[in-house]
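# Observations on the model geometry
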Amino acid sequence: MHIDLLLTALLLAFLPGPGAIYTLSAATSSGLRAGLPAAAGCAAGALPYFALSTAPTAGAAFAHPAVTGALTGAGVLYLVYLAVRTWRTGQERLSPSVRDDQRMWRRVGQGAVVNLLNPKLSLVFFVLLPGSAGDTGPAGAALGAAFVGVILVAYVLYAVAGSFLGRGLVKNAKSRTWASRVFASTYALLAARLAFSFA
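Values in this document were obtained by computation on a predicted structure and should not be read as measured data.

## Thoughts on the environment of leucine 117
Following the sequence through the fold, leucine 117 ends up in the loop between helix 8 (104-116) and helix 9 (119-128). In sequence terms leucine 117 and valine 76 are 41 residues apart; their C-alpha atoms lie 8.3 Å from each other. In this view, leucine 117 contacts Leu71, Ala74, Gly75 and Tyr78; residues no more than four positions away in its chain are not counted.

Structural data, given as structure tokens:
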């Protein structure tokens with residue numbers, strides 16, 4: 001069952017990354033009503049990788065430098081966009097607002113894009129897990145599905161943590177500003193790390 005590979009993948013799921021930071025930021029700004037849709041979106045962003053990992057030629061395609069480079073570049077640009085937007089509109093985003101209920105699907109969509117543009121997911125599904133090219137059997141599919149489930153659980157836990165953190169911030173404007181700039185800086189650092197790690 002490749003338990004060692006699965007344990008490695010599980011560790012990666014719980015390590016802070018773009019999806020975790022996005023979920024934490026959403027939950028800190030507006031509680032679980034924003035954090036849970038963000039978590040669901042981030043988990044949904046892993047589904048295309050899971051589906052493609054069952055295709056015999058998908059692993060070879062994602063191993064191509066042009067594909068990896070394009071995915072990395074798009075991921076870096078999107079993280080920079082999130083950093084700038086969070087920095088400029090952080091106080092508004094970190095304030096309670098009834099509009100967050102109407103933006104549930106927007107949170108889901110943004111979370112999906114964050115993880116869809118995370119090239120490390122392709123490494124998990126096409127290198128670590130046995131659902132890589134040439135192995136499309138039930139064992140590979142089961143491990144891939146288990147990893148998607150663990151991603152969802154991990155992000156839900158980040159959402160719960162963010163909601164508790166946010167309760168102490170919504171009453172203080174300076175704390176909201178500080179938190180928004182911390183998240184913006186984190187997005188920028190993640191973008192820089194992603195750019196240099198795949199350079």
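## Details of the nonpolar core
Leu121, Phe125, Phe147, Ile151, Tyr155 and Tyr187 are the most contacted members of the largest nonpolar core, which totals 36 residues. Within the residue set of this core, elements represented by two or more residues are helix 2 (18-30), helix 3 (32-44), helix 6 (65-93), helix 9, helix 10 (138-167) and helix 11 (173-197).

## Comments concerning a nonpolar patch on the surface
Side chains of Leu32, Leu36, Val160 and Phe164 sit close together on the surface and give an oily, nonpolar patch of about 330 Å² of accessible area. Within the fold, leucine 36 resides in helix 3.

## With respect to the confidence of the model for the protein
On average, the protein scores 77 in pLDDT, and the residues at 70 or more come to 73%. Confidence scores differ between elements of the protein, with helix 7 (residues 99-102) showing the lowest mean pLDDT of 56 and helix 3 the highest of 93. Here residues 91-98 scores under 50 on pLDDT; set against residues more than four positions off or in separate chains, the count is 24 contacts.

## Points about the packing of helix 2 against helix 8
Packing of helix 2 against helix 8 brings their axes to within 8 Å, and their N-to-C directions diverge by 155°. By the criterion of interaxial angle, the relationship of helix 2 to helix 8 is roughly antiparallel. The element helix 2 and its partner helix 8 pack so that their crossing is right-handed. Note on element contacts: helix 8 touches helix 2 through Arg106, Arg107, Gln110, Gly111, Val114 and Asn115, opposite Pro18, Gly19, Tyr22, Ala26, Ser29 and Ser30.

## Structural notes on the side chain of asparagine 115
Note that asparagine 115 resides in helix 8. Asparagine 115 gets classed as buried once you look at its relative accessible area, which sits at 1%.

## Quick word on the packing of aromatic side chains
Evaluated as defined, the whole model comprises one aromatic pair. Plain terms: the ring middles of tyrosine 78 and tyrosine 81 are 5.7 Å apart, the flat faces sit at 35° to each other, and that makes the pair tilted. One end of the pair is tyrosine 78 and the other is tyrosine 81, both in helix 6 and three residues apart, which spans about a single turn. Judged by relative accessible area, tyrosine 81 falls into the partly exposed class, the value being 40%.

## Notes on helix 8
The terminal C-alpha atoms of helix 8, which comprises 13 residues, lie 18 Å apart, in line with the 18 Å expected from a rise of 1.5 Å per residue. Taken together, the buried positions of helix 8 are occupied by Arg107, Val108, Gln110, Gly111, Val114 and Asn115.

## Thoughts on the environment of alanine 20
Its place among the elements puts alanine 20 in helix 2. Residues alanine 20 and alanine 154, 134 residues apart in the sequence, show an inter-C-alpha distance of 8.1 Å. Filtering out sequence-adjacent residues up to four positions away, alanine 20 remains in contact with Tyr155 and Tyr158.

## Looking at helix 3
Between its first and last C-alpha atoms helix 3 spans 18 Å; for 13 residues at 1.5 Å apiece the expected length is 18 Å, and the two agree. Among the residues of helix 3, Ala34, Gly35, Pro37, Ala38, Ala39, Gly41, Cys42 and Ala43 are the ones counted as buried.

## Quick notes on the packing of helix 3 against helix 8
When two helices pack together, you describe them by how their axes are tilted relative to each other and by the distance separating the axes. Put simply, helix 3 and helix 8 touch, their axes get as near as 6 Å, and they point 40° apart. Taken together, the axes of helix 3 and helix 8 are oblique relative to one another. Considering how the two elements wind past one another, helix 3 and helix 8 form a crossing that is right-handed. Residue-level inspection shows Ala34, Pro37, Ala38, Gly41 and Cys42 of helix 3 in contact with helix 8, the latter providing Met104, Arg107, Val108, Gly111, Ala112 and Asn115. Grouping the amino acids of the contact of helix 3 with helix 8 by side-chain chemistry returns seven nonpolar, three polar and one charged.

Cut-offs used in this document
Residues numbered from 1 in each chain as written. Predicted model: local features only at pLDDT ≥ 70, side-chain atom pairs only at ≥ 80, totals over all residues. Heavy atoms only, no water. Helix = DSSP H or I, 4+ residues; strand = E, 2+ residues; numbered from the N terminus. Contact = heavy atoms within 4.5 Å. Core = buried A, V, L, I, M, F, W, Y, C linked by side-chain atoms within 4.5 Å. Buried < 20%, exposed > 50% of the residue type's maximum accessible area, 1.4 Å probe, protein only. Patch = residues over 30% accessible without salt bridge, like charges linked within 9 Å, V, L, I, M, F, W, Y side chains within 5 Å. Areas by Shrake-Rupley, 256 points an atom, 1.4 Å probe, with all protein chains shown as cover. Salt bridge = Lys/Arg side-chain N within 4 Å of Asp/Glu carboxyl O. pLDDT = per-residue confidence, 0-100. Axes fitted to C-alpha atoms, helices over the stretch in contact; angles between N-to-C directions. Parallel < 35°, antiparallel > 145°, perpendicular 65-115°, else oblique. Left-handed = near helix turned anticlockwise from the far one by under 90°. Phe/Tyr/Trp six-rings, centres within 6.5 Å; stacked < 30°, edge-to-face > 60°. Expected span 1.5 Å × (residues − 1). Nonpolar A, V, L, I, M, F, W, Y, C, P; charged D, E, K, R; others polar.

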